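# Structural features, examined
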Amino acid sequence: MAQLLITGGAGFLGSHTCLVLLEAGHQLLVLDDFSNSSAISLERVAELAGVPLQRDQPTLKATLEAFTLVEGDIRDTQCLDALFTSAKAFGQPIEAVIHFAGLKAVGESVQQPLRYWDVNVVGTQRLLTAMNFHHCRTIVFSSSATLYGYPHPNQIPIPETAPIQPINPYGASKHAAEALLADLAGCSGKPEPIQASSGGWRIARLRYFNPVGAHPSGRIGEDPNGIPNNLFPFITQVAVGRRPELTVFGDDWPTPDGTGVRDYIHVMDLAEGHREALHSLLNSDPQLLTLNLGSGQGASVLDVVKAMEATSQRAIPHRIAPRRPGDAAITVANPTLAAQQLHWRTQRSLTDICRDGWAWQQDNPNGYGEACL
Ligand code: NAD
Ligand code: UD1
């Protein structure tokens, strides 16, 4: 059992991972500024885990219990210092950080590159500075398959050694944060995905493919602001009648049915991948791990439409439109290294993803927006 700091823990991926980590017996301190989430997700995680959610200040007035929430910004150095200092003062030093906090919308990053670099790069740098000062040198970082840009057809499924070629400010900010982590580990410029690290740093850079779905309870799930950019939440909103139709971005891609192919990974598989990465880091010599988290299976846009139609027993009206700028034809992970290193692989199918995502959408048609606890 470890005392963990979870940045961005109220968000989509963070909330599901908090549940898995609580179930594994860890003590969690969540830091979130709620810029893209609300505390309702964590209230529900607490309910599912059967523990109370304590709310506190960065200066921590009370001993940390199983699950504590502090509202704050990862760029706020005083807040970070207060958290590490007061956890230590209560005899509960933070042993490791799972760093989800960040901005993730590609289109928005093109409009607001300074904001993306500020939160994703400066925020990460300040977090690492506080960790370093307080001798907490274990971190699991949320990276993204977006780093692979337009992967070469010869490199599908994509290994971790594929060229890194971000094609938008969001991807560039993740690349910069990954580079900073490699510098800290003393591994600058070395391409190997598993390397010994110097200075005591234990680091996992997890490159997620397309995380979707929800916890099977239907109590927590993805709650995008406004019109979803991503396929899966858009489809569930069409199925539930919140949007009239899906626009399919291109049916002339070099794929079996002409629509884009992606590697969709159930959010609970992803959350379990974090648990395994954390345990691997805590139980090994200092190292820098760079791992894809994906299923290794590709599904096209029309595959996902059909799977959701079967699950929901509703037609999903859709129309073909031109390709979306910045899209790749196919991105599918080679997940072999994560399987070898973490003894982890995805357990859940596209059918499971649709079942759980649909249950969440039906029970929460407006996300957490009008939710009662
Ligand atoms: P999310 O927006 O649901 O969660 C991010 C959380 O971070 C939110 O709760 C938000 O309020 C918080 N946050 C944002 N800026 C903050 C700040 N300055 N200080 C404190 N908290 C802050 O996103 P998510 O889907 O859960 O993604 C989590 C991480 O995974 C992000 O770093 C994202 O870039 C990365 N990622 C996500 C995906 C995906 O498809 N969801 C894919 C690849 C990588
Ligand atoms: C997008 C981001 C990527 C990010 C990932 C996070 C872009 C260009 N890329 O990836 O950087 O890491 O989300 O999950 O935004 N589609 C439709 N209609 C829609 C929405 C999507 O046809 O309304 C298609 C897309 O063209 C693509 C597939 O569905 O072929 C998946 O799209 P999406 O869910 O947005 O994910 P990515 O494009 O993989």
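For the structure given in this document, a descriptive report is provided here. (Residues numbered from 1 in each chain as written. Chains lettered and ligands numbered in written order. Predicted model: local features only at pLDDT ≥ 70, side-chain atom pairs only at ≥ 80, totals over all residues. Heavy atoms only, no water.)

Another aspect to go through is the site of ligand 2. Near ligand 2 you find 18 residues, and of these Leu231, Thr247, Arg262, Arg324 and Asp327 are the closest. In the environment of ligand 2, an oxygen atom lies 3.3 Å from a nitrogen or oxygen atom belonging to the side chain of serine 144. Threonine 247 places a polar main-chain atom, nitrogen or oxygen, 2.7 Å from a nitrogen atom of ligand 2. Contact with the protein chains covers 87% of the free accessible surface of ligand 2, which is 730 Å². Across the shell around ligand 2, the residue classes tally to 7 nonpolar, 8 polar and 3 charged. (Near = heavy atom within 4 Å. Polar contact = N/O pair within 3.5 Å; in protein donor to acceptor, adjacent residues only side chain to side chain. Areas by Shrake-Rupley, 256 points an atom, 1.4 Å probe, with all protein chains shown as cover. Nonpolar A, V, L, I, M, F, W, Y, C, P; charged D, E, K, R; others polar.)

Turning our eyes to something else, we now look at the sheet that holds strand S16 (residues 330-331). One open sheet holds the 3 strands; their spatial order is S14-S11-S16, and the pairing between them is mixed. In this open sheet, the two strands that pair with only one neighbour each are strand S14 (299-300) and S16. Of the strand pairs in this sheet, strand S11 (residues 261-262) and S14 are connected by 2 bridges, and their pairing is antiparallel. Within S14, the position partnered with valine 261 by the bridge is serine 300. (Pairing = 2+ DSSP bridges. Helix = DSSP H or I, 4+ residues; strand = E, 2+ residues; numbered from the N terminus.)

Around ligand 1, the surrounding shell holds 28 residues, and the nearest of these are Asp32, Asn36, Ser37, Lys104 and Tyr170. In the model, an oxygen atom of ligand 1 is placed 3.2 Å from a nitrogen or oxygen of the glycine 11 main chain. Take tyrosine 170: an N or O atom from its side chain is 2.8 Å from an oxygen atom of ligand 1. Taken by itself ligand 1 offers 820 Å² of open surface, and the protein chains cover 95% of this. Broken down by secondary-structure element, the contributors of at least two residues to the shell around ligand 1 are helix H1 (12-23), strand S6 (138-144) and helix H6 (169-184). In terms of residue class, the shell around ligand 1 is built from 12 nonpolar, 10 polar and 6 charged.

Packing of helix H5 (residues 113-133) against H6 leaves a shortest axis separation of 9 Å and a crossing angle of 20°. Considered as vectors, H5 and H6 are oriented roughly parallel to each other. Handedness of the crossing formed by H5 with H6: right-handed. Together, Pro113, Tyr116, Trp117, Asn120, Val121, Thr124, Gln125 and Leu128 of H5 and Pro169, Tyr170, Ala172, Ser173, Ala176, Ala177, Leu180, Leu181 and Leu184 of H6 make up the contact between the two elements. A class-by-class count of the residues in the contact of H5 with H6 yields 13 nonpolar, 4 polar and no charged. (Axes fitted to C-alpha atoms, helices over the stretch in contact; angles between N-to-C directions. Parallel < 35°, antiparallel > 145°, perpendicular 65-115°, else oblique. Left-handed = near helix turned anticlockwise from the far one by under 90°. Contact = heavy atoms within 4.5 Å.)

The next point concerns the pattern of salt bridges. Counted according to the given criterion, the structure contains 16 salt bridges. Between glutamate 47 and arginine 219 there is a salt bridge, and its shortest N-O distance comes to 2.8 Å. With glutamate 47 in helix H2 (residues 40-49) and arginine 219 in the loop between strand S9 (210-212) and helix H7 (231-239), the pair connects residues that are 172 residues apart, well separated along the chain. The exposure class of glutamate 47 is partly exposed, given its relative accessible area of 41%. The salt bridge partner of aspartate 327 is arginine 324, with a shortest N-O separation of 3.1 Å. On the basis of relative accessibility, which here comes to 32%, the residue arginine 324 falls in the partly exposed class. (Salt bridge = Lys/Arg side-chain N within 4 Å of Asp/Glu carboxyl O. Buried < 20%, exposed > 50% of the residue type's maximum accessible area, 1.4 Å probe, protein only.)

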